[in-house]
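Below are the chains, spelled out letter by letter.
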Amino acid sequence: MMINKHAPCISVILPVYNGSSYLSQAIESILKQSYDDFELIVIDDGSNDDSLNIIEQFANNDKRIIVITRRNKGLVATLNEGISLAKGFWVARMDADDIALPNRLERQLEWIEKTGADICGSWVRFFGAGGRRVWKCYQTDQAIKIDMLFRSPLAHPAVLMRADVAKHFCYR
């Protein structure tokens, strides 16, 4: 694996559209990761709430944050734009209403490097109006492949994947 020493290892893509309710907690949960070799690409997709002000406050205090703001284009266009801007070897997904555990990036990177996988995810615990239920994703190769026949087998905002794969297979 050829790594650019000037590029971060992980690019975290965080699309935001009117996400001010949990946005501060989402950004803080990434900035407080035990693994800190990352850039956080936050794209404000034309929000008309306080999202951009929240993003800019964090960006003023942390040089790892890259802020993009523009008119609303929707989630798919925003994700593809974020991935195209990613400098890291790995891309991690995050949404404005998600909170990552403090060791998420470290544990996912360790697992993906140990297994040689191109992508990994995790289980997700819902909070707020979603209750406290846990989405337990399948863990074996065979179960994941079967689940792919019906839906995405990964909780999307908990994914870490190779950037070149993400750039090759754009969202539709």
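Up top you'll find the structure we're talking about.
Described below are features of the structure shown in this document. Quick caveat: nothing in here was measured; it's all calculated off a predicted structure.

Focus on the side chain of E39
Inference 1: Topologically, E39 is positioned in strand β2 (residues 38-45).
Inference 2: The buried category is assigned to E39, whose relative accessible area is 4%.
Inference 3: Engagement of the side chain of E39 in a polar contact is seen with the backbone nitrogen of K87, the distance being 2.7 Å.

Digging into the pattern of salt bridges
Inference 1: Inspection of every chain in the model, using the stated rule, returns seven salt bridges.
Inference 2: Across the pair R70 and E81 runs a salt bridge, and its minimum N-O distance is 2.6 Å. Within this pair, whereas R70 is found in strand β3 (residues 65-70), its partner E81 is found in helix α3 (residues 75-85), the two being separated by eleven residues in sequence. Across this residue pair, the class does not change: R70 and E81 are buried.

Description of the sheet that holds strand β1 (residues 10-16)
Inference 1: Here six strands make up an open sheet; going across it, the order is β3-β2-β1-β4-β8-β5 and the pairing mixed. Every interior strand has two partners, whereas the edge strands, β3 and β5 (119-120), have only one.
Inference 2: For strand β4 (residues 90-93) and strand β8 (residues 160-162), the ladder comprises three bridges, and the chain directions are antiparallel. Each bridged residue has a counterpart across the sheet, and for W90 the counterpart in β8 is R162.
Inference 3: The strands that helix α2 (residues 51-59) touches are β1, β2 and β3; relative to β3, the one it contacts most, it runs at about 155°.

Things to note about the pairing of β1
Inference 1: Counting buried residues in β1 gives seven out of seven residues, a clear majority hidden from the surface.
Inference 2: The side-chain alternation of β1 yields two buried faces, one formed by I10, V12, L14 and V16 and the other by S11, I13 and P15.
Inference 3: In this sheet, β2 lies alongside β1 in parallel orientation, the contact comprising seven bridges. Following the sheet pairing, V12 is matched in β2 by L40.
Inference 4: On the question of chirality, the crossover connecting β1 to the parallel β2 by way of helix α1 (residues 23-31) is right-handed.
Inference 5: As defined by bridge partners, β1 adjoins β4 across four bridges and the pair is classed as parallel. Bridge pairing links S11 to V91 in β4.

Details of the nonpolar core
Inference 1: With 27 residues, the main nonpolar core has I10, V12, I27 and L40 as its most contacted residues.
Inference 2: Every element with two or more residues in this core is listed here: β1, α1, β2, α2, β4 and α4 (104-115).
Inference 3: Top element by residues in this core is α1. It accounts for five residues.
Inference 4: V12 has contacts with I30, F38, E39, L40, I41, A92, M94 and L105, leaving out every residue within four places of it along the chain.
Inference 5: Residues I83, A86, V159 and A163 belong to the second largest nonpolar core, which totals eleven residues.

A few points about the packing of aromatic side chains
Inference 1: Inspection of the entire model under this criterion finds one aromatic pair.
Inference 2: Geometrically, the ring pair formed by F89 and W90 is edge-to-face, given 5.1 Å between the ring centres and 80° between the ring planes.

Observations regarding the environment of A100
Inference 1: Along the chain, A100 falls in the loop between β4 and α4.
Inference 2: Along the sequence, A100 and K32 sit 68 residues apart, while their C-alpha atoms lie 9.3 Å from each other.

So, how was this worked out
Residues numbered from 1 in each chain as written. Predicted model: local features only at pLDDT ≥ 70, side-chain atom pairs only at ≥ 80, totals over all residues. Heavy atoms only, no water. Helix = DSSP H or I, 4+ residues; strand = E, 2+ residues; numbered from the N terminus. Buried < 20%, exposed > 50% of the residue type's maximum accessible area, 1.4 Å probe, protein only. Polar contact = N/O pair within 3.5 Å; in protein donor to acceptor, adjacent residues only side chain to side chain. Salt bridge = Lys/Arg side-chain N within 4 Å of Asp/Glu carboxyl O. Pairing = 2+ DSSP bridges. Contact = heavy atoms within 4.5 Å. Axes fitted to C-alpha atoms, helices over the stretch in contact; angles between N-to-C directions. Right-handed = clockwise from strand over helix to strand, strands pointing away. Core = buried A, V, L, I, M, F, W, Y, C linked by side-chain atoms within 4.5 Å. Phe/Tyr/Trp six-rings, centres within 6.5 Å; stacked < 30°, edge-to-face > 60°.

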